[in-house]
Every structure is written in structure tokens, then in C-alpha cells.
Amino acid sequence: MQKAAPFRGCFLLEVQKIDGCVFVSVILERLSGAFLLNCELFALTLLFALPLGLVVSFGSMSRCKPLSAAVKTFVWIIRGTPLMLQIIVIYLGPGLLGMSNPWPGRMVAAVVAFAINYACYFSEIYRGGIEAVPKGQTEAGEVLGMTKTQIFFKVTLLQVIKRILPPMGNEIITLVKDTSLANTIANKEIIMMAKEYSA
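Residues numbered from 1 in each chain as written. Predicted model: local features only at pLDDT ≥ 70, side-chain atom pairs only at ≥ 80, totals over all residues. Heavy atoms only, no water.

1. Some words on the packing of aromatic side chains
Tallied over the full model, the rule gives 4 aromatic pairs. A centroid spacing of 6.3 Å and a plane angle of 45° characterise the contact between Y118 and Y121, whose relative ring orientation is tilted. Residue Y118 and its partner Y121 are located together in helix α4 (residues 106-132), separated by 3 residues, close to a single helical turn. For Y118, a relative accessible area of 1% gives the class buried. Consider the rings of Y118 and F122, whose centres lie 6.0 Å apart with planes at 55°: the pair is tilted. Of this pair, Y118 and F122 are both found in helix α4, 4 residues apart, which corresponds to roughly one turn of the helix. Three or more aromatic residues joined by ring pairs form one cluster here, namely F58, F152 and F153. (Phe/Tyr/Trp six-rings, centres within 6.5 Å; stacked < 30°, edge-to-face > 60°. Helix = DSSP H or I, 4+ residues; strand = E, 2+ residues; numbered from the N terminus. Buried < 20%, exposed > 50% of the residue type's maximum accessible area, 1.4 Å probe, protein only.)

2. Structural notes on helix α3 (residues 83-96)
Residue pairs spaced three or four apart in an α-helix point in one direction, given the helix's 3.6 residues per turn. If you check α3, its first and last C-alpha atoms are 19 Å apart, about what 14 residues at 1.5 Å a residue would give, namely 20 Å. Where α3 bends most, at I90, the angle is about 35°, and the proline P94 comes one to four residues later. Taken together, the buried positions of α3 are occupied by L83, Q86, I87, I90, Y91, G93 and P94. Turning to α3, the residues buried within the fold contact α2 (65-80), α4 and α6 (148-178). Phi for G98, located one or two positions after α3, is positive at around 85°. (Expected span 1.5 Å × (residues − 1). Bend = angle between axes of the 7 residues up to and from the residue. Contact = heavy atoms within 4.5 Å.)

3. Points about the pattern of salt bridges
What the rule picks out here adds up to 3 salt bridges. Note that R79 and E124 form a salt bridge whose closest N and O atoms lie 3.9 Å from each other. Of this pair, R79 sits in helix α2 while E124 sits in helix α4; the two residues are 45 residues apart in sequence, bridging distant segments of the chain. Note that R127 and E124 form a salt bridge whose closest N and O atoms lie 2.8 Å from each other. You can see R127 and its partner E124 sitting in helix α4, 3 residues apart, about one turn around the helix. For R127, a relative accessible area of 23% translates into the label partly exposed. Members of the salt-bridge network, linked through shared partners, are R79, E124, R127 and E131. (Salt bridge = Lys/Arg side-chain N within 4 Å of Asp/Glu carboxyl O.)

4. Description of the packing of α2 against α4
Two elements in contact, α2 and α4, have axes whose closest approach is 9 Å; the angle formed by their N-to-C orientations is 115°. The hand of the α2/α4 crossing is left-handed. Mapping the contact onto sequence places F74, V75, I78 and R79 in α2 and I116, N117, C120, Y121, S123 and E124 in α4. Split into classes, the residues belonging to the contact of α2 with α4 amount to 6 nonpolar, 2 polar and 2 charged. (Axes fitted to C-alpha atoms, helices over the stretch in contact; angles between N-to-C directions. Left-handed = near helix turned anticlockwise from the far one by under 90°. Nonpolar A, V, L, I, M, F, W, Y, C, P; charged D, E, K, R; others polar.)

5. Regarding the environment of S180
Summarising the element assignment, S180 is placed in the loop between α6 and α7 (190-198). Overall, S180 belongs to the partly exposed group, its relative accessible area being 22%. Counting along the chain gives 10 residues from S180 to I190, while the straight-line C-alpha distance between them is 7.5 Å.

6. So, the nonpolar core
Counting residues in hydrophobic clusters, the biggest one holds 28 residues, and the most contacted among them are L41, F114, Y118 and F122. Listing elements by their share of this core, those giving two or more residues are α1 (4-60), α3, α4 and α6. Counting 5 residues, the second-largest nonpolar core is a separate cluster that includes V56, V71, I78 and C120. (Core = buried A, V, L, I, M, F, W, Y, C linked by side-chain atoms within 4.5 Å.)

Remember, this is a structural readout, not a statement about activity or role.
In C-alpha cells, the structure reads:
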């Protein structure tokens, strides 16, 4: 009987080690899944915000004064309010107004909120880059008989890309950090998942 106790203690110790390994593997698996959600949100935001920002910048530079004023006001509001507030309003707003929830999931609402927010920031970067190109470049293209479309893609756009790369890089880095705000509406991204295990 005295010889069995050490064996039982060793057996229990081994079981605890195995349980610990299983627990750690489960945590790593769930954190990896949450990290993939962050990556998905990041990629989808860039996919929608980059072209949408270009459209918004054209609207803000439009010769139609009412359209230009409306777009500039919208951009000013979006850039002047916190992204967290925008996520909450977009996800919960329809329900508070008595409408049915239009979102098939929290992730879709988060992508929409992020895309609108970053499109407004990108639009100002695009607008600054386009307006920084000297008018002489456009006039030179017109003298050569180029159409407005040709001037934009073959003359203006190439110079705009060079000018907007640094500020675009800053915004993309900020987006990497802002993906953690998706947990505001209970999207289980990596920060929220880590909080669950650290509590």
C-alpha cells in the first residue's frame, strides 16, 4: 500500500500536464481564429475603402456646388467622430429607429463602418494628392490632344501615387490597430478573446 501512493501521485501529475497542454492548445487555436478575423476585417476594409475613397474625393472636388458641399460635410462628420461611435450607430441604429436589423452578422456591420470611415480619410489623401499636381501638367496634356481620361490615368495618377504613398501608409498602419475596435459590438477578435482568458 505504501508503494502505490508515489505511483498514483506520479499518474495524477502526468494527467495534469496533459490537461495543461490541451488547455494551452485550445487557447492558441481560438486566438489564431480570432487573429484571422482581424486579418479578414483589415483586408475587407482596404478592399472597399480604397476605391470608395477615390469616388468620395471626386465628389468633394465636383464642380456641382451642392454635391461638393454635401460630400465635404459628410467627410467632416465622419472624420470628426470616433470610429467606435460609428460602429455602434451603424450596428444598433436601425433597431433604435424601429427598423429591422439589416445586418446578417456583426462582422458585416463592422466592415461597413470601417469602410465608410477609412474611405473618408483616404478621400482627403486622394484629394490632396490630385490637387498637388501642377495645373501645367493637365494643360500640357490638353495641348498634346489627350482626353481628360487619358490625362488623368497617364499624367495625373502616376504623380498622385508618388505623393500619397506616405500618408496612405500611415492610415494603413492605423487600420491595423483599429481592428481591435470591432469588439465594441462583440466581434470576437484577438483582443476580446485574450481578455476572456486573462479574466
